[in-house]
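Now for the letters of each chain:
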Amino acid sequence: PDRKEVNMPDYHVTPREDGWAAEKAGASRAASLHPTQAEAVDAARGYLQNQGGGELNIHARSGAIRAKDTIAPGNDPRNVPG
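Residues numbered from 1 in each chain as written. Predicted model: local features only at pLDDT ≥ 70, side-chain atom pairs only at ≥ 80, totals over all residues. Heavy atoms only, no water.

A. Molecular detail of the side chain of serine 32. By the element assignment, serine 32 lies in strand E3 (residues 32-34). A distance of 2.7 Å separates polar atoms of two side chains, one belonging to serine 32 and the other to histidine 34. (Helix = DSSP H or I, 4+ residues; strand = E, 2+ residues; numbered from the N terminus. Polar contact = N/O pair within 3.5 Å; in protein donor to acceptor, adjacent residues only side chain to side chain.)

B. Here's a closer look at the pattern of salt bridges. Considering all chains together, one arrives at 2 salt bridges under this definition. A salt bridge links arginine 16 to glutamate 23; the shortest N-O distance between them is 3.0 Å. Judged by relative accessible area, which is 32%, arginine 16 ranks as partly exposed. (Salt bridge = Lys/Arg side-chain N within 4 Å of Asp/Glu carboxyl O. Buried < 20%, exposed > 50% of the residue type's maximum accessible area, 1.4 Å probe, protein only.)

C. Region of interest: the nonpolar core. Core analysis: the largest hydrophobic core is formed by 11 residues, namely Tyr11, Val13, Trp20, Ala22, Ala40, Val41, Ala44, Leu48, Leu56, Ile58 and Ile71. Mapped onto this core, the elements with two or more residues apiece are strand E1 (10-16), strand E2 (19-24), helix H1 (37-50) and strand E4 (54-59). Here this core takes 4 residues from H1, the largest share from any one element. In contact with isoleucine 58, other than residues within four places in its own chain, are Val13, Gln37, Val41, Ala64, Ile65, Arg66 and Ala67. (Core = buried A, V, L, I, M, F, W, Y, C linked by side-chain atoms within 4.5 Å. Contact = heavy atoms within 4.5 Å.)

D. Geometry of the sheet that holds E2. The 5 strands are arranged E3-E2-E1-E4-E5 in an open sheet whose pairing can be described as mixed. Both edges of this open sheet fall to E3 and strand E5 (65-71), since each of them pairs with a single strand only. Neighbour-to-neighbour, the strand axes of this sheet turn through a mean angle of 20°, independent of strand direction. Strand direction decides the pairing type here: E4 and E5, joined by 6 bridges, are antiparallel. (Pairing = 2+ DSSP bridges. Axes fitted to C-alpha atoms, helices over the stretch in contact; angles between N-to-C directions.)

E. Representation of the environment of glutamate 55 in the model. For glutamate 55, the position within the fold is in strand E4. Among the residues examined, glutamate 55 registers a relative accessible area of 17% and is labelled buried. Residues glutamate 55 and alanine 72, spaced 17 residues apart in sequence, show a C-alpha to C-alpha distance of 9.0 Å. A polar atom in the side chain of glutamate 55 sits 2.5 Å from the side chain of threonine 70.

Written as structure tokens, this is what we have:
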């Protein structure tokens, strides 16, 4: 029998006027707000690890995605670590 791929959550780290937000894709509110992007990235990584993995999308101040990271045990679309 075919096994369906588990739907892993995506989190985004996005700029705000008052800092950086760690937010789950599709959520109406940010999961948390942080003074620095690094703190927001750490928080989003923690949320994903607690939820079984997924994709972390890190946005630049311009709003464009500048980096992506798969948090284990998510399904990394690439076959190289990173």
